Amino acid sequence: MESIHPHFKLILGSSSIARRKILTDMGYQFTLMSADIDEKSIRKDKPEELVLALAEAKAEAIMRRIPDGDNIEEDKSTLLITCDQVVVYEDAVREKPSSVEEAREYIRGYSKGHTATVSSVAVTNLKTGLRKSGVDRVETYFNEIPEETIEKLIEEGTVLKVAGALLIEHPLILPCVKEVAGTTDSVMGLPKELTEKLIKEVLAMASI
């Protein structure tokens, strides 16, 4: 696919398949890198502060792995996108479940209830060091989630790898979603509107 943004290069600092698909759907060509950080070592009181801190920590970790001048062309800016997400349920922050039982408990709690996803995006210009970041919050409301559905999700295993064991785009969960107050792409981990806004802001800063 030919990039529609030839004046800059893009690196997605995430191993998430959902984020990769969203960024591709947005029309971007990009390379992939992932950050190896101890997420549990970074704690903040508010979910918005936590996801911002984690996205920025991921950016710093990836930048340390890129040798000076590598991946950076004189005539192009190279932008690095890093992200994080937590689920907030009854004021408690939920990250990736630590066990099958915890994932099962999480999903049971969403049945006939609601939860929120708090997603962060950080865009760093590797050429200038400039960074802009932001947060998007979405509320999701559920109908009843049958026990059979929960067990199928657990058996498949994907829910064990995502914040709050929450995958509203999953074919098994989608029929149980009553309402999404926000955008599905944000719940999936990469809010399109925020990402576009941050890319434009960082590029504008580079041209000043």
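Reading the values: rules and limits
Along each chain, residues carry numbers from 1 onward, in the same order as the chain's sequence is written. In keeping with the model being predicted, local features are shown solely for residues with a pLDDT of at least 70 and side-chain atom pairs are shown and tallied solely at 80 or more, while totals for entire chains, interfaces and linings include all residues. Neither water nor hydrogens contribute to the side-chain values; these are computed over all heavy atoms in the structure. Axis geometry follows a simple rule: fit a line to the C-alpha atoms, using only the stretch in contact for helices, then measure angles between N-to-C directions, giving values from 0 to 180 degrees. Strands are runs of DSSP state E lasting at least 2 residues, helices are runs of H or I lasting at least 4, and numbering of each runs from the N terminus. Working rule for handedness: look at the near helix, and if it is turned counterclockwise from the far one by less than a right angle, call the crossing left-handed; if clockwise, right-handed. Residue contacts follow a heavy-atom distance rule, with two residues in contact if any of their heavy atoms lie within 4.5 Å. Amino acid classes used here: Ala, Val, Leu, Ile, Met, Phe, Trp, Tyr, Cys and Pro are nonpolar; Asp, Glu, Lys and Arg are charged; the rest, including Gly, are polar. Only rings of Phe, Tyr and Trp enter the pairing, Trp through its six-membered ring, and a pair is recorded when the two centres are within 6.5 Å. The plane angle decides the type: under 30 degrees is stacked, over 60 is edge-to-face, the rest tilted. Per-residue accessibility, obtained with a 1.4 Å probe over protein chains only, is compared with the maximum for each type, and a residue is labelled buried under 20%, exposed over 50%, and partly exposed between these values. A helix is expected to span 1.5 Å multiplied by its residue count minus one. Throughout, the arc means the angular range of directions from the helix axis out to the C-beta atoms. One requirement defines pairing of two strands: DSSP has to find at least two bridges between them. Here, nonpolar core refers to any group of buried Ala, Val, Leu, Ile, Met, Phe, Trp, Tyr and Cys residues whose side-chain atoms link them within 4.5 Å.

Trainee: Could you clarify how one ought to interpret the packing of helix 3 (residues 100–110) against helix 4 (residues 147–156) in this entry?
Mentor: Each pair of packed helices gets described by two things: the angle between the helix axes and the distance between those axes. Contact pair helix 3 / helix 4: the axes reach a minimum separation of 10 Å and the direction vectors enclose 145°. As for how helix 3 packs across helix 4, the hand of that crossing is right-handed. Side by side, helix 3 and helix 4 meet where V100, A103, R104, I107 and R108 of the first sit next to E147, I150, E151, L153 and I154 of the second. Here the contact of helix 3 with helix 4 is composed, by residue class, of six nonpolar, no polar and four charged.

Trainee: Help me understand the packing of aromatic side chains in this model?
Mentor: The description of two aromatic rings rests on the distance between their centres and on the angle between their planes. Under the criterion given, the structure shown has three aromatic pairs. When the ring of F8 is compared with that of Y28, the centres are 6.2 Å apart and the planes differ by 50°; the resulting orientation is tilted. Here Y28 lies in the loop between helix 1 (17–25) and strand 2 (31–32) and F8 lies in strand 1 (residues 8–12), a separation of 20 residues in the sequence. The two residues F8 and Y28 agree in class, both being buried. Taken together, the aromatic side chains of Y89, Y110 and F142 make up a single cluster linked through ring pairs.

Trainee: Would you mind showing me how to read helix 6 (residues 192–206) here?
Mentor: For an α-helix the count is 3.6 residues per turn, leaving residues at separations of three or four pointing the same way. Spanning 15 residues, helix 6 covers 21 Å between terminal C-alpha atoms, matching the ideal 21 Å at 1.5 Å per step. Among the residues of helix 6, L194, T195, L198, I199, V202 and L203 are the ones counted as buried. Seen along its axis, helix 6 keeps its buried residues to an arc of 160°; they face one direction. Seen from the open side of helix 6, the exposed residues pointing more than 90 degrees away from its buried face are E193 and K200. Buried residues along helix 6 sit against strand 1, strand 3 (77–89), strand 5 (114–125) and strand 6 (131–142).

Trainee: Before we go on, may I ask you to explain the environment of H170 in this structure?
Mentor: One can find H170 in the loop between helix 4 and strand 7 (177–181). Each C-alpha atom of the pair H170 and K46 lies 28 Å from the other, and the pair is 124 residues apart in sequence. Those residues in contact with H170, other than ones at most four positions away along the chain, are L153 and E156.

Trainee: How should I be thinking about the pairing of strand 5 in this particular structure?
Mentor: Moving residue by residue along a regular strand, the side chains alternate between the two faces of the sheet. Of all 12 residues making up strand 5, 11 are buried, and the element is well covered by its neighbours. Alignment of strand 3 against strand 5, held across 10 bridges, turns out to be antiparallel. Across the sheet, Q85 pairs through a bridge with S119, a residue of strand 5. Looking at chain direction, strand 5 and strand 6 are connected through 11 bridges and run antiparallel. Bridging from a neighbouring strand, V121 pairs with G134 of strand 6. The hairpin formed by strand 5 and strand 6 contains five residues between the paired strands, and G129 there has a positive phi angle of roughly 85°.

Trainee: Can you help me understand the nonpolar core in this one?
Mentor: Taken as a class, soluble globular proteins show a tendency for nonpolar side chains to be buried jointly. Counting 22 residues, the largest nonpolar core has I107, Y110, F142 and I145 as the members making the most contacts within it. For this core, the elements supplying multiple residues, two or more each, are strand 3, helix 3, strand 6 and helix 4. Sorting elements by how many residues they give to this core places helix 3 first, with four residues. Each residue touching I145, except ones within four places of it in the same chain, is listed here: I107, Y110, S111, I150, I173 and C176.

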